[in-house]
Amino acid sequence: MYRPEPIERHAAEPVDRSVPARQAAARLRDGGVLMVTDHYSTGAEILAQLASIDRPPPDHAGYQARQEFQRRHRLAALRLLAPIKNHRLALVDARPIGFLEELYPEVSDFVLPFLVVQELHGAWIRYQQGTHLAVLGHRVHPFFGTYVPTRTSHLELFGTWMSQYKGAKSQAVDVGTGCGVLALMLAKAGFERVLATDSNPNAIESVKRQLERLPATPSIDLAHGDLLCETGSPADLIVFNPPWIYGQVEDLLDQALYFEEGLFERFFQQAANHLKSDGRVVIVFSNVNQLVQPHVPHPILAEIERGRFSLVQKLQRKVKPTPGKGGVRRRTKEKVEVWELAKVHSD
């Protein structure tokens, strides 16, 4: 499974409460590598100070400038390290993180970036407590490194589309299943068999464990691989909730956030080969990339212009504004979308 690489050799300078947090943060920003040696709160304060001195560019600077800042800032944060001893974070006031033992069974003492430790801790809490999704009526418990939606307007819109679907329900495919929400929705809607695929092995493990938690196991098969995984059985319905923003994929987790050149072309080629003649392709999408990168060609419209698929219908729904600082809701022009496509048959 995917895991952050353990660090077994380093030349980090020790840092504790005797060093002012702002001074330590400046060292990170300037390229220094530090190791927290006393309290968990020491590391948390240093990263908080790093965020305060490493100011992001203004919104009008453009999407690319903001993305470059985020990459640079993360690299600086990753230069703060934390020690692991016997699969536990060796810092005062640190809480247990079960993933340390599960992901690193062959090594008990090593080092991880403090930011990664924070991410592992947050993922462990989410995995234990679960996240309730109203579209399912129960909680999902995402394994580490698995995408889980933080908002559900796109899932609700897919549920609206699903409620009016009148086609066959023999076989459906959920491409890039993540924590399995759409696959579970398809099973709940009455599909006899659902295939959930993902290129992320942690996602497959996550859905496997999720199915084991349910009182009645739905008919969901799992496959690890690229997009449709070259499945042999033709599908009545192929569902894809792809990344919504064009960008650079630097690691496995980025695949849930950014789409690169060629992703949609590969998907539509595979979908054309694995869809029944009267089947449907449904893409859960957003207009957010048009808002932030209007120069990037729309990947779904480009496919429709290519002529292999035609648009049956498109549903849209405005995204609810999210609360900003002080509880004030930020206005947004974003809309979630459901695109229903059918094969174009030559005469």
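In case you missed it, the structure is sitting above this.
Quick look at the structure, then. None of these values were measured; they are calculated from a predicted model.

## Some points on the nonpolar core
Core analysis: the largest hydrophobic core is formed by 64 residues, its most contacted members being Phe-158, Ile-238 and Phe-267. Ranked by the residues each element gives to this core, the list is headed by helix H7 (residues 181–188), at seven residues. Leave out the neighbours within four places in its chain, and Phe-267 touches Val-175, Leu-227, Leu-228, Ile-238, Phe-240, Val-281 and Ile-283. Listed in part, the 37 residues of the second largest apolar core include Val-15, Ala-21, Ala-24 and Ala-94.

## Some points on empty space enclosed by the protein
The final tally for this structure, using the stated rule, is one cavity of 30 Å³ or more. Lining the largest cavity, in full, are Phe-259, Phe-285, Ser-286, Asn-287, Asn-289, Gln-290, Val-296, Pro-297, His-298 and Pro-299. Elements supplying a minimum of two residues to the lining of the largest cavity: strand E14 (275–286) and helix H10 (288–292). For the lining of the largest cavity, a count of residues per class yields five nonpolar, five polar and no charged.

## Thoughts on the sheet that holds strand E16 (residues 335–343)
Reading across from one edge, E10-E9-E8-E11-E14-E16-E15 is the order of the seven strands in this open sheet, with mixed pairing throughout. Every other strand in the sheet has two partners, leaving strand E10 (220–224) and strand E15 (309–318) as the edge strands with one partner each. Each neighbouring strand pair of the sheet contributes to a mean axis angle of 15 degrees, computed without reference to strand direction. Pairing of E15 with E16, which is carried by nine bridges, proceeds in the antiparallel orientation. Directly across from Leu-311, in E16, lies its bridge partner Leu-341.

## Focus on helix H5 (residues 114–129)
An α-helical segment advances 3.6 residues per turn. Residues three or four places apart therefore align on the same side. If you check H5, its first and last C-alpha atoms are 23 Å apart, about what 16 residues at 1.5 Å a residue would give, namely 22 Å. Taken residue by residue, H5 has Phe-114, Leu-115, Val-116, Val-117, Leu-120, His-121, Ala-123, Trp-124 and Tyr-127 as its buried positions. At the C-terminal side of H5, Gly-130 shows a positive phi close to 80 degrees.

## Section: unusual backbone geometry
The phi angle at Asp-93 is positive, at roughly 65 degrees, despite the residue not being glycine. Under the relative-accessibility criterion, Asp-93 is labelled partly exposed at 43%. In the Ramachandran plot, Leu-227 falls in the positive-phi region, its phi being about 55 degrees despite a non-glycine side chain. Within the secondary structure, Leu-227 is located in the loop between E10 and strand E11 (235–240).

Each value, and the rule that gives it
Residues numbered from 1 in each chain as written. Predicted model: local features only at pLDDT ≥ 70, side-chain atom pairs only at ≥ 80, totals over all residues. Heavy atoms only, no water. Core = buried A, V, L, I, M, F, W, Y, C linked by side-chain atoms within 4.5 Å. Buried < 20%, exposed > 50% of the residue type's maximum accessible area, 1.4 Å probe, protein only. Helix = DSSP H or I, 4+ residues; strand = E, 2+ residues; numbered from the N terminus. Contact = heavy atoms within 4.5 Å. 1 Å grid on protein atoms, 1.4 Å probe; cavity = no way out; pocket = protein on both sides within 12 Å on 5 of 7 lines; lining within 4 Å. Points joined across faces, edges and corners; volume = space filled by probe spheres on them. Nonpolar A, V, L, I, M, F, W, Y, C, P; charged D, E, K, R; others polar. Pairing = 2+ DSSP bridges. Axes fitted to C-alpha atoms, helices over the stretch in contact; angles between N-to-C directions. Expected span 1.5 Å × (residues − 1).

Any functional reading would require information that these geometric values do not contain.
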